[in-house]
Amino acid sequence: RLRSNVEGKYLMDAVPFSCCNINSPRPCIQQQITNNSAHFNYEHQTEDQNLWMKGCRQALLEYYTHIMQSIGLTVLITWLFELSVLTGVRYLQTSLENMVRQGDPNSESDGWLLENSLMETARTNLSIIKSLGKSNQIDTVDNGDPNIDVPSTSKAHYGPDNVPPKQKTETS
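Predicted model, so just to flag it, every value in this text is computed and none were measured.

Listed in full, the six residues of the largest apolar core are Cys19, Cys20, Ile29, Ile33, Tyr42 and Leu51. Those residues in contact with Ile29 that lie beyond four places of it in its chain are His39, Tyr42, Asn50 and Leu51.

Here's what the structure looks like:
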């Protein structure tokens, strides 16, 4: 243990493995860093240690930031490729539909992305989205009973007193 100059606390003569420089050719020395006799051919004062010189947190942050940037770039390029494939497939779909309408498979046909303008397509899609939630709503009348307009499903329709009519018996 080393005596620290910060409030007289004791600190360990070691660092976590995350502080090791992954580019160092030497194995990571993370225990007994200031003990020269604990390691072969090592002087902690003159040796270029295999620990990050700028601090563990900063080194790890830069390392993982670089990894995340490369992953983000890969995802962006993949998404752009998928978008271009989707655009080409839409042109192919509409041109084949147009060719079928013309009736001649050898004729040239036009393809398009949107059948209407961008604003008309946006309005149509917005109205479709708005109508999705309306199918599950209950229509209530003035008294608030949702079952008031539901027709009866029973097969028997009796009179006003809810009594079945008398059966006629055959007499000979």
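There's plenty left to go through after this.
Position of Asn98 among the secondary structure elements: in helix α1 (residues 56-102). If near-sequence neighbours (up to four positions away) are discounted, Asn98 is found in contact with Ser109, Asp110 and Trp112.

With the rule as written, the count across this model stands at one aromatic pair. With centroids separated by 5.1 Å and ring planes inclined at 75°, the aromatic side chains of Tyr63 and Tyr64 adopt a geometry described as edge-to-face. Judged by relative accessible area, Tyr63 falls into the partly exposed class, the value being 36%.

About the criteria used
One numbering rule holds for all chains: residues counted from 1, following each sequence as written. Thresholds applied to this predicted model are a pLDDT of at least 70 for local features of residues and 80 or more for the giving and counting of side-chain atom pairs; totals over whole chains, interfaces and linings are not thresholded and use all residues. Only hydrogens and water are set aside when side-chain values are computed; all heavy atoms of the structure are taken into account. In this description, a nonpolar core means a group of buried Ala, Val, Leu, Ile, Met, Phe, Trp, Tyr and Cys residues linked to one another through side-chain atoms lying within 4.5 Å. Under the scheme applied here, a residue whose accessible area is under 20% of the maximum for its type counts as buried, over 50% as exposed, and between as partly exposed, the area being computed with a 1.4 Å probe on protein chains only. Here, two residues are considered to be in contact whenever any of their heavy atoms come within 4.5 Å of each other. Secondary structure elements are defined from DSSP: runs of H or I of at least 4 residues count as helices, runs of E of at least 2 residues count as strands, and each element is numbered from the N terminus. Put simply, two rings from Phe, Tyr or Trp (the six-membered ring, in Trp's case) pair if the centres are within 6.5 Å, and we call them stacked under 30 degrees between planes, edge-to-face over 60, tilted for the rest.

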